[in-house]
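For reference, the chains in residue letters:
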Amino acid sequence: MSSDEARRLYQSLILEHGRAPHNYHKLEDATHTLEGNNPLCGDRYVLQLRIQDDHIEDAAFEGHGCAISMASASMMTDLIKSLSCEQAQTLFAQFQRITQGEPVLSESLPEELKAFSGLAEYPARIKCANLIWYTLQATLTKQNEPVSTE
Ligand code: ZN
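Not measured: the values here are computed from a predicted model.

Visitor: How do you make sense of the pairing of strand β2 (residues 43–52) when you look at a structure like this?
Guide: Within a regular beta strand, the side chains point alternately toward one face of the sheet and then the other, so they alternate between its two faces. Of all ten residues that make up β2, seven are buried, and the element is covered over most of its length. As defined by bridge partners, strand β1 (residues 32–38) adjoins β2 across seven bridges and the pair is classed as antiparallel. Each residue of the ladder has a partner; that of His32, found in β2, is Leu49. Between the antiparallel neighbours β1 and β2 lie four residues, among them Gly42 with a positive phi of about 95°. With nine bridges joining them, β2 and strand β3 (residues 55–64) adopt antiparallel strand pairing. Bridging from a neighbouring strand, Val46 pairs with Glu62 of β3. Count of turn residues in the β2/β3 antiparallel hairpin: two residues, of which Asp53 carries a positive phi of about 50°.

Visitor: Please explain the coordination of the zinc ion as it appears in this structure.
Guide: Reference values for coordination geometry: four tetrahedral donors around a metal ideally subtend 109.5 degrees, six octahedral donors ideally subtend 90 or 180 degrees. For the zinc ion, the protein coordination sphere consists of Cys41 (SG), Asp43 (OD), Asp43 (OD), Cys66 (SG) and Cys128 (SG), at 2.2 to 2.7 Å. Read N to C, the donor residues that coordinate the zinc ion are spaced as C-x1-D-x22-C-x61-C. On the criterion of sequence distance, the pair formed by Cys66 in the loop between β3 and α2 (67–80) and Cys128 in helix α4 (residues 123–140) is long-range, its members being 62 residues apart. Here Cys66 matches Cys128 in class, with each residue buried.

Visitor: Looking at this structure, how should I read helix α1 (residues 3–19)?
Guide: Residue pairs three or four apart in sequence face the same way in an α-helix, which turns once every 3.6 residues. In this model, α1 (17 residues) spans 24 Å end to end at C-alpha, consistent with the 24 Å of a helix rising 1.5 Å per residue. Taken as a whole, α1 has its buried residues at Ala6, Tyr10, Ile14, His17 and Gly18. Relative to the axis of α1, the buried residues are bounded by an arc of 105° and lie together on one face. Away from its buried face by more than 90 degrees, α1 exposes Arg8 and Arg19. Structurally, α1 contributes buried residues whose contacts are with α2.

Visitor: Is there a simple way to explain the environment of Ala73 in this structure?
Guide: Position of Ala73 among the secondary structure elements: in helix α2. Since its relative accessible area comes to 0%, Ala73 is described here as buried. Residues Ala73 and Cys41, spaced 32 residues apart in sequence, show a C-alpha to C-alpha distance of 15 Å. Ignoring anything within four residues of it in the chain, the contact list for Ala73 reads Phe61 and Ile132.

Visitor: What is the right way to look at the packing of α2 against α4 in this model?
Guide: Axes are the key here: two packed helices are described by the angle between their axes and the distance separating the axes. The geometry of α2 relative to α4 is characterised by a closest axis approach of 8 Å and an angle of 35° between their N-to-C directions. Regarding α2 and α4, the two cross each other, and that crossing is right-handed. Mapping the contact onto sequence places Ile68, Ser69, Ser72, Ala73, Met76 and Ile80 in α2 and Arg125, Cys128, Ala129, Ile132, Trp133 and Leu136 in α4. Each residue belonging to the contact of α2 with α4 can be placed in one class, and the counts come to nine nonpolar, two polar and one charged.

Visitor: For this particular structure, what's the right way to read the packing of aromatic side chains?
Guide: Using the criterion set out here, one finds five aromatic pairs in the structure. Considering the side-chain rings of Tyr24 and Phe61, the 5.3 Å spacing of their centres and the 90° angle between planes classify their relative orientation as edge-to-face. Within this pair, whereas Tyr24 is found in the loop between α1 and β1, its partner Phe61 is found in strand β3, the two being separated by 37 residues in sequence. A residue is classified by how much of its surface remains accessible, and Tyr24, at 32% relative accessible area, is partly exposed.

What counts, and where the lines are drawn
Residues numbered from 1 in each chain as written. Predicted model: local features only at pLDDT ≥ 70, side-chain atom pairs only at ≥ 80, totals over all residues. Heavy atoms only, no water. Buried < 20%, exposed > 50% of the residue type's maximum accessible area, 1.4 Å probe, protein only. Helix = DSSP H or I, 4+ residues; strand = E, 2+ residues; numbered from the N terminus. Pairing = 2+ DSSP bridges. Donors = N, O, S within 2.8 Å, 3.2 Å for Na, K, Ca; no water. Expected span 1.5 Å × (residues − 1). Arc of directions from axis to C-beta. Contact = heavy atoms within 4.5 Å. Axes fitted to C-alpha atoms, helices over the stretch in contact; angles between N-to-C directions. Left-handed = near helix turned anticlockwise from the far one by under 90°. Nonpolar A, V, L, I, M, F, W, Y, C, P; charged D, E, K, R; others polar. Phe/Tyr/Trp six-rings, centres within 6.5 Å; stacked < 30°, edge-to-face > 60°.

These values are about where atoms sit, not about what they do.
Printed below as a string of structure tokens:
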């Protein structure tokens, strides 16, 4: 696959998740609920998790925002379900590196997250992609204040 083909594939993956996000609903038996805002773009989400014995059993979100923030929330909630809290934090750290255009050990990286690797060229969009991940990180480190990218 050429890099042009890869780029097109990744763009369509983001559009697909942005249009029809996964896990977009209220989580009735959530143990954790936290809000995240990105005032720069107007992205605003509520992330809900069900955590039992340091394992994320379920994850869902609701809210509004651009296609990139929506796609990121959709993919993240897919990926973190069934991870331990520690594994989710490792994934968070990897995602930070991807969006900043830094190299990541690719064998340990979920394929869909590579869709965000082109964002380093668009600094304003990095916050859109990271908003839901910041909200996850704040939840896992037991912060109770709503998250803001500003
Ligand atoms: Zn946005």
